[in-house]
Amino acid sequence: MTDDDAATPQPLVRVREVLDGDVPNGTHVVVHGILEEVTVKTNQQTGQWAMGRLVDGNDSIDFWMFPRAFARTGRSSVDSVGPIAATACVSGPPKRTALIINSMERVEPHPEPDIDTTAV
């Protein structure tokens, strides 16, 4: 990701759009979801990196977070329980598409529209 890419707002997409091929390979996007099956590994020369699945509703996609992004984001982000927003690049051929995560942060869940959560 170049400095220009980081400064440019990325589109928010659903995992289904990526899996269906509606988002071209190489596109920088933001995806909301939760992390599952996370594995953190250490390479002696480059540092820690992570891989797993990002789940968005009923859909999920593999993700990779390479050492440089992992160092920027920190271990707590991949250990976090709850929803996250990931800035990532779509990578790979159809049927094996994954997200290469550049950064992520925890987000607070929003209540469903038109549902009164104050009633007891």
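No experiment lies behind these values; they were computed from the predicted model shown. (Residues numbered from 1 in each chain as written. Predicted model: local features only at pLDDT ≥ 70, side-chain atom pairs only at ≥ 80, totals over all residues. Heavy atoms only, no water.)

Right, let's talk about the nonpolar core for a bit. L54, M65 and M104 are the most contacted members of the largest nonpolar core, which totals 22 residues. When residues in this core are grouped by element, the largest group, four residues, is from strand β5 (residues 84-91). Here L54 is in contact with V15, V31, H32, G33, I34, L35, D59, S60, I61, F63, I84 and A86, once residues within four sequence places are set aside. (Core = buried A, V, L, I, M, F, W, Y, C linked by side-chain atoms within 4.5 Å. Buried < 20%, exposed > 50% of the residue type's maximum accessible area, 1.4 Å probe, protein only. Helix = DSSP H or I, 4+ residues; strand = E, 2+ residues; numbered from the N terminus. Contact = heavy atoms within 4.5 Å.)

Judged by which residues are buried, strand β4 (residues 59-65) turns out to be one-sided: D59, I61, F63 and M65 face inward and are buried, whereas S60, D62 and W64, on the alternate face, are not. Counting the residues that bridge the hairpin from strand β3 (residues 47-56) to β4 gives two residues, and of these G57 lies at a positive phi of roughly 65°. Here β4 runs beside strand β6 (residues 98-106); their pairing, made up of three bridges, is parallel. Note that in β6 the partner of F63 across the bridge is L99. (Pairing = 2+ DSSP bridges.)

Attention now moves to the packing of aromatic side chains. Tallied over the entire structure, the rule returns two aromatic pairs. Ring centres of W49 and W64 lie 5.9 Å apart, and the angle between their planes is 15°; this geometry places the pair in the stacked category. In this pair, W49 sits in strand β3 while W64 sits in strand β4, placing the two residues 15 residues apart along the sequence. Here W64 falls in the partly exposed class, since its relative accessible area comes to 31%. Three or more aromatic residues joined by ring pairs form one cluster here, namely W49, W64 and F66. (Phe/Tyr/Trp six-rings, centres within 6.5 Å; stacked < 30°, edge-to-face > 60°.)

For D20, the position within the fold is in the loop between α2 (15-19) and β2 (28-43). In sequence terms D20 and P94 are 74 residues apart; their C-alpha atoms lie 8.2 Å from each other.

Another point: the confidence of the model for the protein chain. Reading fine detail from the predicted coordinates is not recommended where pLDDT is low. Averaged over every residue, the pLDDT of the protein chain is 83; the share at 70 or more is 82%. Highest mean pLDDT in the protein chain belongs to β4 (94); lowest belongs to helix α1 (residues 3-7) (50). (pLDDT = per-residue confidence, 0-100.)

On to the layout of surface pockets. Quantified by volume, the second largest pocket comes out at close to 240 Å³. Sorting the residues of the lining of the second largest pocket by element identifies α2 and β4 as the ones contributing at least two each. Grouping the constituent residues of the lining of the second largest pocket by class yields eight nonpolar, five polar and five charged. (1 Å grid on protein atoms, 1.4 Å probe; cavity = no way out; pocket = protein on both sides within 12 Å on 5 of 7 lines; lining within 4 Å. Points joined across faces, edges and corners; volume = space filled by probe spheres on them. Nonpolar A, V, L, I, M, F, W, Y, C, P; charged D, E, K, R; others polar.)

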